[in-house]
Amino acid sequence: MPTSSASTTDAAKPAASGGVQSLERAFDLLERMADAGGEVGLSELSASSGLPLPTIHRLMRTLVACGYVRQQPNRRYALGPRLIRLGESAARLLGTWARPYLARLVEETGETANMALLDGDEIVYVAQVPSKHSMRMFTEVGRRVLPHSTGVGKALLAHTPPEEVRALLARTGMPAATEKTITTPEGFLDALVAVREAGYAVDDNEQEMGVRCLAVSVPDSPTAAAISISGPAGRVTEAATEKIVPILQEVARDLSAALANTAGNGQG
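## Digging into the packing of helix α3 (residues 42–49) against helix α4 (residues 53–66)
Between α3 and α4, the shortest axis-to-axis distance is 9 Å and the interhelical angle comes to 115°. Helix-helix and strand crossings are classified by hand; for α3 and α4 the assignment is right-handed. Residues Leu42, Ser43, Leu45, Ser46 and Ser49 of α3 pack against Leu53, Ile56, His57 and Met60 of α4. The class makeup of the residues in the contact of α3 with α4 is 5 nonpolar, 4 polar and no charged.

## As for the pairing of strand β5 (residues 122–129)
Of all the 8 residues making up β5, 7 are buried; the element is thus mostly covered by neighbouring parts of the structure. For strand β4 (residues 112–119) and β5, the ladder comprises 7 bridges, and the chain directions are antiparallel. By the bridge assignment, Asp119 is partnered in β5 with Glu122. With antiparallel pairing between neighbouring strands as the criterion, β4 and β5 make up a hairpin whose turn holds 2 residues, including Gly120 at a positive phi of roughly 65°. The sheet contact formed by β5 and strand β6 (residues 144–145) spans 2 bridges and is antiparallel. Of the residues in β6, the one forming a bridge with Ile123 is Val145.

## Some remarks on unusual backbone geometry
Its identity as a non-glycine residue notwithstanding, Arg75 has a phi of 80°, on the positive side. For Arg75, the location among the structural elements is in the loop between β2 (69–71) and β3 (77–79). According to the relative accessible area criterion, Arg75 is exposed, its value standing at 60%. At Asn205, a position not held by glycine, the phi torsion is positive, near 65°. Tracing the backbone shows Asn205 in the loop between β7 (201–204) and β8 (211–217).

## What to know about the sheet that holds β3
On the basis of which strands lie adjacent, the open sheet formed by 3 strands has the order β1-β3-β2 and antiparallel pairing. Here the strands that pair on one side only, and so sit at the sheet edges, are β1 (39–40) and β2. When β1 meets β3, the two strands line up antiparallel, connected through 2 bridges. Within β3, the position partnered with Glu39 by the bridge is Ala78. Packing against the sheet, α4 makes contact with β2 and β3, and its axis sits at approximately 105° to β2.

## Let's talk about the pattern of salt bridges
Applying the stated rule across the entire model yields 16 salt bridges. A salt bridge links Lys180 to Asp204; its shortest N-O distance comes to 3.5 Å. One end of the pair, Lys180, is in the loop between α7 (162–172) and α8 (185–198); the other, Asp204, is in strand β7, and 24 residues separate them in sequence. Ionic pairing is found between Glu238 and Arg212, a salt bridge with its closest N-O pair at 3.2 Å. Residue Glu238 is found in helix α9 (residues 238–265), and its partner Arg212 is found in strand β8; the two are separated by 26 residues along the sequence. Relative accessible area serves as the criterion here: at 53%, Glu238 is assigned to the exposed category.

About the thresholds
Residues numbered from 1 in each chain as written. Predicted model: local features only at pLDDT ≥ 70, side-chain atom pairs only at ≥ 80, totals over all residues. Heavy atoms only, no water. Axes fitted to C-alpha atoms, helices over the stretch in contact; angles between N-to-C directions. Helix = DSSP H or I, 4+ residues; strand = E, 2+ residues; numbered from the N terminus. Left-handed = near helix turned anticlockwise from the far one by under 90°. Contact = heavy atoms within 4.5 Å. Nonpolar A, V, L, I, M, F, W, Y, C, P; charged D, E, K, R; others polar. Buried < 20%, exposed > 50% of the residue type's maximum accessible area, 1.4 Å probe, protein only. Pairing = 2+ DSSP bridges. Salt bridge = Lys/Arg side-chain N within 4 Å of Asp/Glu carboxyl O.

Shape descriptors only; they carry no functional weight alone.
Written out as C-alpha cells, the structure reads:
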C-alpha cells in the first residue's frame, strides 16, 4: 500500500486499547522525547519507537503546529513551552490526589507528611499535611531544593544510573546546607546504595539541623514521585524509624494503586 494511503487511514485507525492510534503514538513520542532529555532527531525516534519516518514526521509536524514540540535550528525536535502549563496543572492535581494519603501518614506517624517530584534537576514539593504537634516541620508547597540534601531526593534518584546522577550533581553542585550534608558525588552514590538496600531514604540533619526525614518513592507513579515524613530528630529516632518506614511503604503502595485507578477511570 502506498505511504499516502496508509497516512490517510492511520489517524482514524483504532488502537488496541480502543483509543485513537495516532493520539497514542503522539503521546508515546512525547514521552520518548522526555526520556531522551527533551531533544531528539527523527531517526532516533524512529529507532526507539519502531515507527516509520513518514509517520513520525507527520505526527511531529502536528505537535509543532500545536506548540507542544518545537523544531530547533539544527533540525532536531524539542519539547515545547505549551507542555509547561499542562505539567504544572498536573503536578497540582497530583498533590491534591495525594493529600488524603498524606493525612493518613500524619494520623499514623504523628509527623508532617510531604510529597515531592523530581522536576529537571530539582526537587519540588507539591503537597504537605502538617503534624498536629506544636513543634512540627513546615515545607512550603512549591518550594524547590537540590536532591543531594533531602530524603525525597535520595528516594527519587535511588534507581537512576550512576553516570546520570553524577551529571546531575555536576550541574547543580553540592552546597552544604548543614555540616551533615553530603557534599561529594561518591558519598551521595554510597547513600543511594543504602537506599536501595534498605528500601527507604533518610535525611539525617542534612537539610536542616535538628530535623530528620524518612522518604520512599511512589512505585509506578506516572511521574517520579516520593512521599516523606519529617519531624524533630528527638522524635524521629531510630526506634521510631522502624515503626514509620512500613507505614510509609504501605501508603506509597496505596497511593500508587489510586493513581493507576485514576488513570484507568479516564478511559472512555
